[in-house]
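Understanding the architecture of this molecule
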Amino acid sequence: MKKKTDPAETPTLPKSPTGITGLDEITGGGLPTGRPTLVCGSAGCGKTMLAMEFLVRGAVEFGEPGVFMMFEENAAELTANVRSLGFDLDKLVKQKKVALDHVRIERSEIEETGEYDLEGLFIRLGHAIDTIGAKRVVLDTVEALFAGLPNHGILRAELRRLFRWLKDRKMTAIITGEKGEGNMITRYGLEEYVADCVITLDHRVTKQISTRRLRVLKYRGSAHGTNEYPFLISERGLSVLPITSLRLDHAAPSERLSTGIARLDEMLGGQGVFRGSSVLVSGAPGTGKSSIGAKFADAACRRGERALIFAYEESSAQILRNMRSIGIDLAPWVKKGLLQVHASRPTLSGLEQHLVAMHDMVKAFRPAVVVVDPISNLMIEGSDAEVMPTLMRLIDFLKQEQITSLFISLTRGGSGTGAQEDSQVGVSSLMDTWLWMRNMEFNGERNRLIHVLKSRGMAHSNQMREFVLSDAGIDLVDVYPGADRVLTGTARVAQAAHERSAAELRREDHERKLRQLAAKRKAIEAQIAALNAEGEAEEAEVKFTIAQETLLEKTTQQNSADMAQLRGGGKGGNSPKKGTP
Amino acid sequence: MTKTKTYELRLYVAGQTAKSLTAFANLKRICETHLAGQYRIEVIDLTQTPQLSAGDQILALPTLVRRLPQPIKKIIGDLSNEERVLVGLDVQPMKD
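Basis of the calculations
Residues numbered from 1 in each chain as written. Chains lettered and ligands numbered in written order. Predicted model: local features only at pLDDT ≥ 70, side-chain atom pairs only at ≥ 80, totals over all residues. Helix = DSSP H or I, 4+ residues; strand = E, 2+ residues; numbered from the N terminus. Buried ≥ 20, exposed ≤ 12 C-beta atoms within 10 Å, placed from the backbone. Pairing = 2+ DSSP bridges. Axes fitted to C-alpha atoms, helices over the stretch in contact; angles between N-to-C directions.

**Observations regarding unusual backbone geometry**
Cis geometry is found at the peptide bond from Asp373(A) to Pro374(A), where omega equals -10°. Residue placement: Pro374(A) occurs in the loop between β18 (369-373) and α13 (375-378). Put simply, Leu61(B) and Pro62(B) share a cis peptide bond, and its omega is -5°. Residue position: Pro62(B) is located in the loop between β2 (39-45) and β3 (63-68). You will see that Lys170(A), though not glycine, has its phi angle at about 60°, which is positive. One can find Lys170(A) in the loop between α7 (152-168) and β8 (172-178). When the 11 C-beta atoms within 10 Å are taken as the criterion, Lys170(A) is described as exposed. With a phi close to 60°, Gln402(A) is a non-glycine residue in the positive phi region. Turning to its location among the elements, Gln402(A) is positioned in the loop between α14 (384-400) and β19 (404-410). The exposure class of Gln402(A) is partly exposed, given the 15 C-beta atoms found within 10 Å.

This is the structure we're talking about:
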């Protein structure tokens with residue numbers, strides 16, 4: 001299985017980079033230097049484009065001029081055709097970086113008598129090579145000679161000699177060939193002569209959607225990826241999506257990114273998601289998934305980072321309008337160049353083609369945040385088994401680039417549970433954070449709920465929150481967990497009101513009790529005072545009695561003394577002064 | 001019947017190889033036999049002037065090109081088959 005290697009592992013075989021995105025990775029550095037490579041495929045699969053890009057990039061980026069010898073199109077046609085890829089052949093020809101030679105051969109004009117060889121072709125090619133000091137050669141499509149020359153015996157011998165000759169001259173060459181039938185790779189068996197490296201291109205249509213694929217069938221003396229890789233011909237040339245990077249070695253930054261929704265960040269350990277992680281937002285239709293995506297992009301732009309939204313449901317104008325209605329204004333970011341929205345129909349091309357395109361745009365725009373809305377639309381035409389590896393490629397790629405990604409996925413069905421979670425299992429295993437949105441139907445209304453199903457590497461809330469969209473934006477509100485269901489929407493509001501009045505009642509009750517207590521205390525105090533007063537009164541009474549009795553005793557004593565005096569007249573004139581009793 | 005026509009012929013070769021020598025000898029003989037006095041032969045050695053190969057779309061060597069009369073005709077090979085050369089040049093064979 002492991003076929004992908006570093007160029008460093010095979011130092012013995014020198015390679016010439018093609019400059020074609022992805023192809024150099026698959027081949028571990030490019031095509032074999034100084035040897036011919038056969039590129040074959042059916043009509044319209046991009047052979048000429050690949051060969052041309054190899055040549056132009058060689059001339060422009062790697063300082064290796066090249067000769068393009070064409071047997072089918074003429075120079076003017078070719079120049080016009082590749083202008084769509086942004087290559088200006090006229091200029092390159094003037095700069096002597098590229099030489100074009102159109103070999104035309106008309107069977108009707110030619111009569112054959114006796115022996116001949118194709119020395120003329122060698123001379124032409126040799127002359128072109130010498131004129132510009134070429135290092136690269138393309139022969140497109142040499143098989144046209146089979147139609148033009150009746151004697152195939154001579155032709156085959158000469159082609160064998162030609163490829164030998166190219167090798168001797170150390171030309172890194174691409175020979176294109178039509179796809180053959182049955183076991184034949186090419187129609188005329190060119191693979192017999194060009195055996196160092198064979199690349200096949202394919203243009204397949206499944207379920208009405210076409211995908212271009214490339215495969216390195218053979219690479220003598222070098223390890224290479226043997227899988228089929230989807231590729232794309234865009235205005236930036238070819239790009240091949242090298243996948244299934246078997247390594248899982250991307251860095252894991254611990255920096256956290258806000259999702260743009262404070263309460264959601266709170267649910268995700270208080271700080272949001274990790275930079276470079278992948279977030280899946282899945283849910284039924286109308287649960288507010290897209291708005292989370294938009295908010296996420298908006299938050300990135302607010303931080304001054306670039307965000308890229310791939311939209312497969314709405315046009316970009318529609319997204320801008322709709323998001324404005326919930327208080328997310330994306331238009332200024334678009335104007336500032338911080339935000340790009342790429343809207344396309346999912347059925348425009350195959351999933352892989354889409355991924356190549358995404359790959360391309362991400363490479364060109366270099367965003368910090370990517371939102372895909374929704375991936376489920378891309379998946380309609382493929383089975384899970386097909387979709388998984390392709391998505392894995394994309395996620396791997398984004399992680400390698402430290403781009404935080406948010407994938408929106410639409411699930412089937414309404415408010416049931418279980419089924420939707422299952423339907424996402426395939427994709428969710430690739431995701432670091434999984435937010436699940438659902439509708440709850442209760443009490444005559446539909447409300448949105450959000451919860452965090454998983455979030456790798458951080459504490460996260462196990463609570464459901466109600467997801468509220470208004471023209472002021474997005475908010476998450478605590479729900480009331482009841483005995484057997486959570487309360488949302490008006491039920492939540494009613495419950496809140498109910499709880500508020502209950503609290504009010506309780507408060508009044510407490511006050512009443514306190515008042516009662518105070519009154520009671522007052523009564524007791526009054527009683528105490530009365531008792532005290534009674535005590536005091538009694539005490540006064542007692543004192544008075546005592547005083548009375550003392551006086552009485554005194555008086556009695558006085559009286560007895562007086563009487564004794566009177567009776568005895570003895571001891572002095574202590575006459576009674578006090579007349580009081 | 002074709003007395004008024006002039007045949008302008010160009011023979012492309014690559015150096016003094018056996019094939020080119022044979023071709024030239026064959027051409028000379030055929031022209032002398034059937035087109036005496038009405039032809040002109042120009043031999044182009046592409047090893048000397050490779051830039052001339054593209055003009056007449058030369059691929060195989062030797063190639064004989066009938067530049068005039070129009071249209072251009074090409075005969076490839078060492079011209080060993082006289083009959084086919086005459087057909088290729090569109091020349092009526094002289095009948096003795």
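**Considering the sheet that holds strand β6 (residues 110-112) of chain A**
Sheet architecture is open: five strands sit in the order β6(A)-β4(B)-β3(B)-β1(B)-β2(B), paired in mixed fashion. The open sheet is flanked by β6 of chain A together with β2 of chain B, the only strands paired with a single partner. On average, each strand axis in the sheet is tilted by 20° relative to the strand beside it, whichever way the strands run. Two strands pair when backbone bridges link them, and β6(A) and strand β4 (residues 73-76) of chain B are joined in this way by three bridges, in the parallel orientation. Counterpart to Glu111(A) in the pairing with β4(B) is Ile75(B).

This is a description of form; function is not addressed.
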